[in-house]
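# Analysis of the macromolecular model
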Amino acid sequence: MKHGVIHLEGAESSFERRGGNDTRYDPTYDPLVSPGPGQGKQYAPTYWAATAGTAPPDDGPVTQDMDVDVAIIGGGYTGLCTALFLAREHGIKAVVLEANRVSWGCSSRNGGQGQNASGRLSRSQWVERWGKDVALKMHDEIAQGFETFKSLVAMIDCDPQPGGHFLIAHRPRIMEKLAAEAKVWKDVFGYPSELMSAEAFRSEYVNDAEAAGALHEPEGIGIHPLKLAYGYVRLAREAGAKVHPASPVIGWETVKGVHHLRTPGGIVRARAVGIATGAYTAPGLHPSLHSKVMPILSNSMVTRPLTKAELDACNFRTHQVLTDTRTLRFYYRLLPDNRVQIGSRSAITGRDAPNPQHYELLVHGLQRKFPALQGIDIDYSWWGWVDVSHDMMPRVFQPDPKESVFYALGYGGNGVSYSSQAGRRLAERIAGKGAQQTLPIFTSPLPPHMFAPFRRVGQRMLYHWYFLRDEQR
Ligand SMILES: Cc1cc2nc3c(=O)[nH]c(=O)nc-3n(C[C@H](O)[C@H](O)[C@H](O)COP(=O)(O)OP(=O)(O)OC[C@H]3O[C@@H](n4cnc5c(N)ncnc54)[C@H](O)[C@@H]3O)c2cc1C
């Protein structure tokens, strides 16, 4: 008997048509429109791919049918950490199936800002949504997650830039909000921070011309995203996991409780499946994820190394990670080789992503913050899809207790650090040890979007509104 036969719409036929061999990077890829993430695709043209060094050994693409205890779909931070913790803490040797190169999705394209957070809600919004007791437990979970992340970063050569995180008020009117947030951090969560004036911030840390002041939190680490991912591959494989790149799941049947995951090279029959496909989840991958995640494009660029005169003109005295307070926020930092990496919002659709207007928006954002960098060469520019859930918080969840399928996703562009802990939690769940997971992010599914087909119309209107609100004096 067959349960839940899923064919990824269009994916199979498109693989068959091109023999699965077109490995060129597609800059217009769009998870809501493309049949699937592809097979064996090259990395986006990131600074990280250019500087990560040689990729670690992996287990090659799937070439034959196999039976496994646990298959993880998606080989980004979440999938790799799930496999690592399954092996290390539960003695389960999982198989990771990645469609493209390892960590081809967000995990090789992000800004490398490891923050003591996940999702898009602030701590004061947690209190509003769930009340103080739950918010305190959520704070503990995120803090534990940051410790998990730190312990892994300590084992991996990934150019860490520690010291904390600055939240920069991009307008004077925002300082009041930052002061209120800092008070909640201290009074409710016992989490210390330092509010500083524009003068103090600009003279002691960096002369961001827009900064009207800043809030500094002690936790925050910048990392090299792809070196971190390569480190996760090494650790997961050393612990006993297998990592198969160029092995997209293009069909899924469940037969007598066993999941038959079809890849171009063979069928992987698994007793349990962890889904860790982030924003790159094809609409038909699993019914529990249909219309549950909104893929949002984020743009990023890296300048050439700054000269001594430019560093002085910008007064760059910190390598810590920085974000501003816009809803469509800019995030940036000075990399170890004195280049500036900066990122922000991008296009709505994949087809429009290469439109130069989005590149210009980011260049303009850099110049507003640092007029001295007017006209500086941009050596690298790329974009990627972020998984935003409809209530702005991630989930680690088993959608149907009768089915051995689990997922972890929805970090809302804030998953560099928490994905390691989400992997740990997903591993606990798969191993049948998730009973102590009582937070709402573990006990409720990703909420659906009522007007899913019109999400992008709504996004366009929201971007317009956010822009007006962000830029008002
Ligand atoms: C430009 C950009 C900047 C960002 N900056 C930051 C930042 O500074 N700080 C921060 O905290 N977060 C940031 N993020 C978000 C962060 O990168 C993600 O939250 C995190 O990497 C998510 O990891 P993941 O493993 O869940 O997903 P991903 O890394 O996206 O991995 C999912 C993988 O699943 C694979 N896949 C999909 N479908 C299939 C299938 N059918 N079969 C097999 N494999 C499949 C994909 O190929 C992909 O590699 C940024 C994201 C982007 C795009």
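These numbers come from a predicted model, not from an experiment.

Ranked by internal contacts, the top residues of the largest apolar core, which has 81 residues, are Phe149, Ile223, Leu228 and Tyr232. In this structure, this core is formed jointly by two domains, domain 1 (2-110 + 225-289 + 390-447) and domain 2 (161-222 + 295-389), each of which donates at least three residues. Not counting residues up to four positions away in its chain, the partners in contact with Leu228 are Tyr77, Phe149, Val153, Ile156, Cys158 and Ile223. Counting residues in each nonpolar core, the second largest holds 25 residues, with Met196, Leu322, Phe330 and Leu366 among its members.

Moving on, we come to the packing of aromatic side chains. Within the structure shown, the criterion is met by 18 aromatic pairs. With a centroid separation of 5.3 Å and 65° between ring planes, the pair formed by Tyr47 and Trp48 is classed as edge-to-face. Each member of the pair, Tyr47 as well as Trp48, is classed as buried. For the pair Phe166 and Tyr205, a centre-to-centre distance of 4.6 Å together with 55° between the ring planes defines the contact as tilted. One end of the pair, Phe166, is in strand β5 (residues 165-168); the other, Tyr205, is in the loop between α7 (198-204) and β7 (213-217), and 39 residues separate them in sequence. Among the aromatic residues, those joined into a ring-pair cluster are Tyr47, Trp48, Tyr380 and Trp382.

Okay, the domain arrangement of the protein chain next. Partitioning the protein chain into domains gives domain 1 (2-110 + 225-289 + 390-447) and domain 2 (161-222 + 295-389). Taking only C-alpha atoms, the centre of domain 1 and the centre of domain 2 are 30 Å apart. Between domain 1 and domain 2, the contact holds 30 residues from the first and 23 residues from the second. At the boundary of domain 1 with domain 2, total buried surface from both sides reaches about 2,100 Å², with 60% on carbon and sulfur atoms. Per-residue buried area on domain 1 facing domain 2 is highest for Tyr47, Trp48 and Ala279; these three make up 25% of the total on that side. Along the contact surface separating domain 1 from domain 2 lie 0 salt bridges. No other element matches the 3 residues that helix α2 (residues 47-51) contributes to the side of domain 1 that touches domain 2. The class makeup of the residues in the side of domain 1 that touches domain 2 is 18 nonpolar, 9 polar and 3 charged.

Residues annotated in UniProt with the feature "domain: FAD dependent oxidoreductase" (unreviewed entry) correspond here to residues 69-429. In residues 69-429, helix accounts for 32% and strand for 26%; the two terminal C-alpha atoms are 14 Å from one another.

About the thresholds
Residues numbered from 1 in each chain as written. Predicted model: local features only at pLDDT ≥ 70, side-chain atom pairs only at ≥ 80, totals over all residues. Heavy atoms only, no water. Core = buried A, V, L, I, M, F, W, Y, C linked by side-chain atoms within 4.5 Å. Buried < 20%, exposed > 50% of the residue type's maximum accessible area, 1.4 Å probe, protein only. Domains from an automatic or database assignment. Contact = heavy atoms within 4.5 Å. Phe/Tyr/Trp six-rings, centres within 6.5 Å; stacked < 30°, edge-to-face > 60°. Helix = DSSP H or I, 4+ residues; strand = E, 2+ residues; numbered from the N terminus. Buried area = accessible area lost by both parts, 1.4 Å probe. Salt bridge = Lys/Arg side-chain N within 4 Å of Asp/Glu carboxyl O. Nonpolar A, V, L, I, M, F, W, Y, C, P; charged D, E, K, R; others polar. UniProt positions renumbered as here; feature names shortened; annotations may be inferred.

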